[in-house]
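Chain by chain, the residues:
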Amino acid sequence: MSFLAENFPLIRDAFLTTLSLAVVSGICALLLGTLLAAMRVSPVPALRGLATFYVELFRNTPLTVVFFFLAFGIVYIDLQFPSRFLTAVAALALYTAAFVCEALRSGINAVPAGQAEAARALGLDFRQSLTTVVLPQAFRTVVPPLGNVWIALAKNTSIAAGFAVADLTALLQRLSNSAADELALVFVAVVAGYLVITLPSAYVISVLERRLAIVR
Amino acid sequence: MRITRYAAGFAAAGLLLAGCASEAGNQAEEAPETTAEVEEVEFPEGSTMAEIVEAGELRVGTKIDQPGFGLANTAGEPEGFDVEMAKLIAAKMGLSEDQITFTETVSANREPFLVEDRVDIVVATYTINDKRKELIDFAGPYYEAGQDIMVAAGNPENIEGPDDLAGKSVCSVEGSTPAENIRTNYPEAELVLYDAYSKCADDLRNGNVDAVTTDNVILTGFVAGAPDAFELVGNPFTEEPYGIGVQKGEDEFRDFINDVLEEAYENGTWAAAWDKTAGAITGTEAPEPPSVNRY
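Keep in mind that what you see is a predicted model, and the values were worked out from it rather than measured.

All names here are of chain A. In the numbering adopted here, UniProt assigns the feature "transmembrane region" (unreviewed entry) to residues 14–39, 60–79, 85–104, 149–172 and 184–208. Between the C-alpha atoms that bound residues 14–39 there is a distance of 37 Å. The span itself is 100% helix and 0% strand. Counting secondary structure, residues 184–208 comes out at 100% helix and 0% strand; the distance between its end C-alpha atoms is 35 Å.

Next up, the structure:
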């Protein structure tokens, strides 16, 4: 146990890095994903096509490749992120947004067509009917799939360890070499770090799911 | 009917593969002979050397991803300075090159392979240290590496040694000994840690880091690959003596390997092996051979 106590600052910093990676890129992915979902159901063909292209591009590319591109590829077109943490946030957010979009779109499709028709009959335009009638109902139905996306994101942050972000997985690599005799404890600490993020999330998701369920 | 057709397909593929394999074999035979000359020798009854000669096979663990030391060629056979050392030892036991069985050992499984008797010797850029000596024994050293620094060509930041790294960003691999050394002894350097040295090289090329640090033998490989982009500081600040791992308590075998090494130092086969492998890649002359440590 003294080993864990000695290395507590390291473990804490690594945990906070993983947590902030997940939260910041989660918020960005939610915003971008919502925008993409709106584009995919919009009446403008160009927007629909653009959003579909985006989703298929990022949903079908391995996350590691996205990381590689943002870390080492965009230099060749004279672009650069100010820090490696932001590179990781961008990669995670761009990738996860595609999944958020698809989850949301399934929710939008689950809202009965009569809702949108009624909104239009009342004189709401596309933006108004989407933001005040369709999306609020869509979000309620997609709490479980969005929860899945969030948990997957929290675990996907581990790829950032390979791209110079000192997260929990990077700590595992570091301590498994320098403290090889305490390997079991290192594993416990790192796994616990991830579980502290994902298990309460799973609980909150199930509570939200029950609270927000639409009784039809 | 369909099954027969599949079977025919497999058979055809098999023939094709066999063809490729034999072709590779021919190429290997045509390759120029090594520095090692096979000799007839007698070993005392019951010694490890006698047992290996009896079995007609020397099992060698080596790396296959380390240019200059142990790198698999297109035929899948390892080549490099480590491999030459193994061939020298085999030759002195009267074994031909065909009687050497190479097994890949990565950094993490070198001790286990010896302890579990899956290989007779490990020649794999294997640093001698006391922690490893608790599990296995070392012959050699046969080469002395050291932690060094690689910078962008022209050395724009004027880095001459580890002390100049203060306030500079330096790249290495998470979990490696060089990274740990910088972290403990040069805490003012800003460490950037990837999971592979190739990413460090990319970052140095892009100007995202000021330097890359690890064993000089790894860095010289990068410099040789891109002499326009990289430059080696050439001021090693740690000592990494590479030894040949044998199973614990094999003192007789260890003495034998040490004799082989010392003879090779003297008659120039060691230097010739260097010129042919690591020296050919880096363009450096064979260094002064390290003195063997018979502990």
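Quick look at the sheet that holds strand 11 (residues 211–215) of chain B now. Residue and element names in this part refer to chain B. Strands sit in the order 10-9-11-8-12 across an open sheet of 5 strands; the sheet is mixed. Single-partner strands in this sheet number two, and they are strand 10 (190–194) and strand 12 (230–232). The average angle at which neighbouring strand axes cross in this sheet is 30°, direction not considered. Bridging between strand 8 (residues 147–152) and strand 11 involves 5 bridges; their strand directions are antiparallel. Residue pairing across strands places Ile149 opposite Thr213, the latter belonging to strand 11. Here helix 8 (residues 216–225) sits on the sheet in contact with strand 8, strand 11 and strand 12, set at roughly 145° to strand 12.

What follows is about helix 9 (residues 251–267) of chain B. Residues and elements named next belong to chain B. Taking 1.5 Å of rise per residue, 17 residues should cover 24 Å, and helix 9 covers 24 Å from first to last C-alpha, within 8% of that figure. Among the residues of helix 9, those classed as buried are Phe253, Arg254, Phe256, Ile257, Val260, Leu261 and Ala264. Seen from one end, helix 9 has its buried residues packed into an arc of 160°, which puts them on one side. On its buried side, helix 9 packs onto helix 2 (48–55), helix 3 (81–92), strand 7 (136–145), strand 13 (240–247) and helix 10 (269–276).

So, about the interface of chain A and chain B. One frequent convention defines the size of an interface as the accessible area lost when the parts assemble. Listed per partner, the contact involves 12 residues of chain A and 9 residues of chain B. The biggest single contributor to the side of chain A that touches chain B is helix 9 (residues 168–178) of chain A, with 6 residues. Class assignment of the residues belonging to the side of chain A that touches chain B gives a composition of 6 nonpolar, 5 polar and 1 charged.

What follows concerns the sheet that holds strand 3 (residues 70–72) of chain B. All names here are of chain B. Ordered by their spatial adjacency, 3 strands build an open sheet running 2-3-4, and the pairing between neighbours is antiparallel. Both edges of this open sheet fall to strand 2 (65–66) and strand 4 (78–79), since each of them pairs with a single strand only. As judged from the 2 bridges shared by strand 3 and strand 4, these two strands associate in the antiparallel manner. By the bridge assignment, Ala72 is partnered in strand 4 with Pro78.

Relative orientation and spacing of two packed helices are given, respectively, by the angle between their axes and the distance between those axes. Residue and element names in this part refer to chain A. In contact at an axis separation of 9 Å, helix 8 (residues 143–156) and helix 10 (residues 183–212) are set at 170° when each is read in the N-to-C sense. For the element pair helix 8 / helix 10, the angle class is roughly antiparallel. Together, Val143, Pro144, Gly147, Trp150, Ile151, Ala154 and Lys155 of helix 8 and Tyr194, Ile197, Thr198, Ser201, Ala202, Ile205, Leu208, Glu209 and Leu212 of helix 10 make up the contact between the two elements. Grouping the amino acids of the contact of helix 8 with helix 10 by side-chain chemistry returns 11 nonpolar, 3 polar and 2 charged.

Residue and element names in this part refer to chain B. Burial analysis of strand 11 places 5 of its 5 residues in the buried class, the great majority of the element. In this sheet, strand 11 lies alongside strand 9 (residues 169–173) in parallel orientation, the contact comprising 2 bridges. Each residue of the ladder has a partner; that of Cys171, found in strand 11, is Val212.

Residues and elements named next belong to chain A. Put simply, helix 2 (residues 8–40) and helix 5 (residues 84–110) touch, their axes get as near as 6 Å, and they point 45° apart. In terms of orientation, helix 2 and helix 5 fall into the oblique class. In the packing of helix 2 onto helix 5, the handedness of the crossing is right-handed. Of the residues in helix 5, those in contact with Leu21, Val24, Ser25, Cys28, Ala29, Leu30, Leu32, Gly33, Thr34, Leu36, Ala37 and Arg40 of helix 2 are Ala88, Val89, Leu92, Ala93, Thr96, Ala97, Val100, Cys101, Leu104, Arg105 and Ile108.

This brings us to the confidence of the model for chain B. Residues and elements named next belong to chain B. Confidence in the prediction of chain B, expressed as mean pLDDT, is 84, and 86% of residues score 70 or more. Within chain B, the lowest mean pLDDT, 48, falls on helix 1 (residues 2–30), and the highest, 94, falls on strand 8. Throughout residues 15–33 the model reports pLDDT below 50, and contacts reaching past four residues in sequence, or to other chains, amount to 4 contacts. Under the prediction, the complex receives an ipTM of 0.76, its pTM being 0.72.

The next thing to look at is the domain arrangement of chain B. Residue and element names in this part refer to chain B. With domains assigned, chain B is organised as domain 1 (35–145 + 241–282) and domain 2 (147–232). Spacing between the C-alpha centres of domain 1 and domain 2 amounts to 30 Å. Each side of the interface is counted separately: domain 1 has 8 residues, and domain 2 has 6 residues. With 3 residues, the top contributor of residues to the side of domain 1 that touches domain 2 is helix 11 (residues 278–282).

Here the focus is the nonpolar core. Within the largest apolar cluster, 131 residues are counted, with the highest numbers of intra-cluster contacts made by Met150 and Ile244 of chain B. Among the elements that line this core, the one with the most residues is helix 5 of chain A, at 15 residues. Residue assignment places this core across two domains, with domain 1 (35–145 + 241–282) and domain 2 (147–232) of chain B each supplying three or more. What Met150 of chain B contacts, discounting residues up to four positions off in sequence, is Leu204, Ala211, Val212, Leu219, Phe222, Val223, Phe230, Glu231 and Leu232 of chain B.

Thresholds, definitions, all that
- Residues numbered from 1 in each chain as written.
- Chains lettered and ligands numbered in written order.
- Predicted model: local features only at pLDDT ≥ 70, side-chain atom pairs only at ≥ 80, totals over all residues.
- UniProt positions renumbered as here; feature names shortened; annotations may be inferred.
- Helix = DSSP H or I, 4+ residues; strand = E, 2+ residues; numbered from the N terminus.
- Pairing = 2+ DSSP bridges.
- Axes fitted to C-alpha atoms, helices over the stretch in contact; angles between N-to-C directions.
- Contact = placed C-beta atoms within 7 Å.
- Expected span 1.5 Å × (residues − 1).
- Buried ≥ 20, exposed ≤ 12 C-beta atoms within 10 Å, placed from the backbone.
- Arc of directions from axis to C-beta.
- Nonpolar A, V, L, I, M, F, W, Y, C, P; charged D, E, K, R; others polar.
- Parallel < 35°, antiparallel > 145°, perpendicular 65-115°, else oblique.
- Left-handed = near helix turned anticlockwise from the far one by under 90°.
- pLDDT = per-residue confidence, 0-100.
- Domains from an automatic or database assignment.
- Core = buried A, V, L, I, M, F, W, Y, C linked by C-beta atoms within 7 Å.

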